[in-house]
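Chain and residue survey
The residues making up each chain are set out below.
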Amino acid sequence: TVSIETPWGTGSGFFVNENYIVTNRHVIEFDEKKLAEFRHKVETARKMIELERQKISEMKRQLRQLPKGPSRSQLALIIAAREEELEKVLPRYEEGEERLARLEEDIQPSDIKIVMADGSKHVANYLVVSKSKDLALMSLFSGEWTYIERPPESMQLHQGDKVYTIGSPVGLRQTVTAGVFSGYRRHKNDGPRYLQTDAPINPGNSGGPLIDEHGYVRGVNTMILRDTEGIGFAIPIETVFEEFSSTLF
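Residues numbered from 1 in each chain as written. Predicted model: local features only at pLDDT ≥ 70, side-chain atom pairs only at ≥ 80, totals over all residues. Heavy atoms only, no water.

A few points about the sheet that holds strand β12 (residues 217-224)
Either a parallel or an antiparallel arrangement is found when strands of a sheet pair, and the pairing is made through backbone hydrogen bonds. Read around the barrel, six strands follow the order β8-β9-β10-β13-β12-β11 and close on themselves; strand pairing throughout is antiparallel. Strand-to-strand twist in this sheet, taken as the mean axis angle between neighbours without regard to direction, amounts to 45°. Two strands pair when backbone bridges link them, and strand β8 (residues 162-167) and strand β11 (residues 209-212) are joined in this way by three bridges, in the antiparallel orientation. Bridging from a neighbouring strand, Val-163 pairs with Asp-212 of β11. (Pairing = 2+ DSSP bridges. Helix = DSSP H or I, 4+ residues; strand = E, 2+ residues; numbered from the N terminus. Axes fitted to C-alpha atoms, helices over the stretch in contact; angles between N-to-C directions.)

Description of helix α3 (residues 70-103)
Here α3 is 34 residues long and its end C-alpha atoms lie 49 Å apart, about the 50 Å a rise of 1.5 Å per residue gives. Approximately 30° is the largest bend angle found in α3, and it occurs at Leu-90, with the proline Pro-91 only one to four residues beyond. Of the surrounding secondary structure, the elements contacted by the buried residues of α3 are α2 (32-65). (Expected span 1.5 Å × (residues − 1). Bend = angle between axes of the 7 residues up to and from the residue. Contact = heavy atoms within 4.5 Å.)

Concerning the pattern of salt bridges
What the rule picks out here adds up to eight salt bridges. The closest approach of N and O atoms between Lys-121 and Glu-5, which form a salt bridge, is 3.2 Å. Here the residue Lys-121 occupies a position in strand β5 (residues 121-123), and Glu-5 occupies one in strand β1 (residues 2-6), the gap between them amounting to 116 residues. Assessed through its relative accessible area of 52%, Lys-121 is described here as exposed. A salt bridge links Lys-60 to Glu-83; the nearest nitrogen and oxygen atoms lie 2.6 Å apart. With Lys-60 in helix α2 and Glu-83 in helix α3, this residue pair connects regions lying 23 residues apart in the sequence. With relative accessibility at 33%, the residue Lys-60 sits in the partly exposed group. Using a relative accessible area of 30% as the deciding quantity, one classes Glu-83 as partly exposed. Overlapping salt bridges, with partners in common, bring together Glu-5, Lys-121 and Arg-173 in one network. (Salt bridge = Lys/Arg side-chain N within 4 Å of Asp/Glu carboxyl O. Buried < 20%, exposed > 50% of the residue type's maximum accessible area, 1.4 Å probe, protein only.)

A word on the layout of surface pockets
Of the volumes computed, that of the largest pocket is approximately 1,100 Å³. For the lining of the largest pocket, the secondary-structure elements that each account for two or more residues are β2 (9-15), α1 (25-28), α2, β10 (193-197) and β12. Among the residues making up the lining of the largest pocket, the classes are represented as 10 nonpolar, 11 polar and nine charged. (1 Å grid on protein atoms, 1.4 Å probe; cavity = no way out; pocket = protein on both sides within 12 Å on 5 of 7 lines; lining within 4 Å. Points joined across faces, edges and corners; volume = space filled by probe spheres on them. Nonpolar A, V, L, I, M, F, W, Y, C, P; charged D, E, K, R; others polar.)

Structural notes on the sheet that holds β2
Strands sit in the order β5-β4-β1-β2-β3-β7-β6 across an open sheet of seven strands; the sheet is antiparallel. Two strands close off the open sheet at either side, each with one partner strand: β5 and β6 (126-129). The mean inter-strand angle of the sheet, taken between neighbouring strand axes irrespective of direction, is 30°.

What about the packing of aromatic side chains?
Enumeration over the complete set of coordinates arrives at five aromatic pairs. Ring geometry for Phe-15 versus Trp-145: centroids 5.9 Å apart, planes at 25°, classification stacked. Taken together, the residues Phe-15 in strand β2 and Trp-145 in the loop between β7 (136-139) and β8 connect sequence positions 130 residues apart. Its relative accessible area of 23% is what places Trp-145 among the partly exposed residues. Their ring planes at 65° and their centres at 6.1 Å tell us that Tyr-194 and Phe-233 sit as a pair that is edge-to-face. Taken together, the residues span a long stretch of sequence, with Tyr-194 in strand β10 and Phe-233 in strand β13 (residues 232-236) at a distance of 39 residues. An aromatic cluster is defined as three or more aromatic residues linked by ring pairs; in this entry it consists of Tyr-20, Tyr-126 and Phe-141. We note Arg-99 situated over the ring of Phe-38; from NZ or CZ to the ring centre the distance is 4.9 Å. Of note, Arg-193 hangs over the ring of Tyr-184, and the distance from its end group to the ring centre comes to 4.1 Å. (Phe/Tyr/Trp six-rings, centres within 6.5 Å; stacked < 30°, edge-to-face > 60°. Lys NZ or Arg CZ within 6 Å of the ring centre and 35° of its normal.)

Quick notes on the environment of Thr-222
Assignment of secondary structure puts Thr-222 in strand β12. Separated by 16 residues in the primary sequence, Thr-222 and Ser-206 have C-alpha atoms spaced 5.1 Å apart. Residues within four places of Thr-222 in sequence aside, it is in contact with Asn-24, His-26, Asp-134, Ser-206, Phe-233, Ala-234 and Ile-235. Within the structure, the side chain of Thr-222 is placed 3.4 Å from the side chain of Asn-24, a separation counted as a polar contact. (Polar contact = N/O pair within 3.5 Å; in protein donor to acceptor, adjacent residues only side chain to side chain.)

Spelled out as structure tokens, the structure:
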């Protein structure tokens with residue numbers, strides 16, 4: 001299992017063979033709605049800063065026209081205080097502009113950092129993103145890595161079976177949580193099938209494996225049901241191999 005770092009956040013992933021890593025699409029792609037909200041926030045800050053600079057410039061013109069006295073001294077103090085506040089805001093605003101510029105660029109494999117259990121960092125060689133499912137596949141050809149095996153077809157998962165999640169919730173790498181397999185669920189009647197579990201799936205766990213008590217991978221941890229506790233979902237591992245069959249077989 002690996003941690004995945006992008007310009008906008010972190011997630012998890014795992015090797016499905018010696019050279020390929022699967023994760024969630026939402027781990028390596030920034031949500032368009034969130035991007036629009038962030039863009040609006042940065043653009044608003046940009047306008048506010050420009051208006052503040054104009055206001056300070058106008059106050060300085062007024063200062064030059066005032067005779068020496070209490071009014072001039074008071075205005076000078078106000079200008080100094082506003083300039084000081086502006087200087088405090090500028091570094092965070094500039095960081096926001098830089099981050100927005102990165103987010104609006106198309107992601108490249110080199111933008112993705114793959115962090116191993118030993119802390120070593122690698123760059124993805126190849127990236128393919130599913131158009132219909134919350135899945136992405138990356139390659140790493142700098143060595144042969146240990147991967148998590150799929151179960152034999154005869155070994156079915158049953159309600160109540162013990163399962164484990166591995167991931168990097170809030171940056172805590174290689175965190176293991178346990179629960180049970182709750183059943184198969186579909187998103188709408190004709191939607192994709194998910195594995196439901198009560199094993200905690202926290203922010204940063206997305207893309208990590210759901211593993212059974214025999215050590216076989218059963219799914220890709222994907223999401224939780226909002227405003228609930230203990231209701232999480234994983235994409236079945238069979239779906240991964242179906243979606244990326246041309247690459248993985």
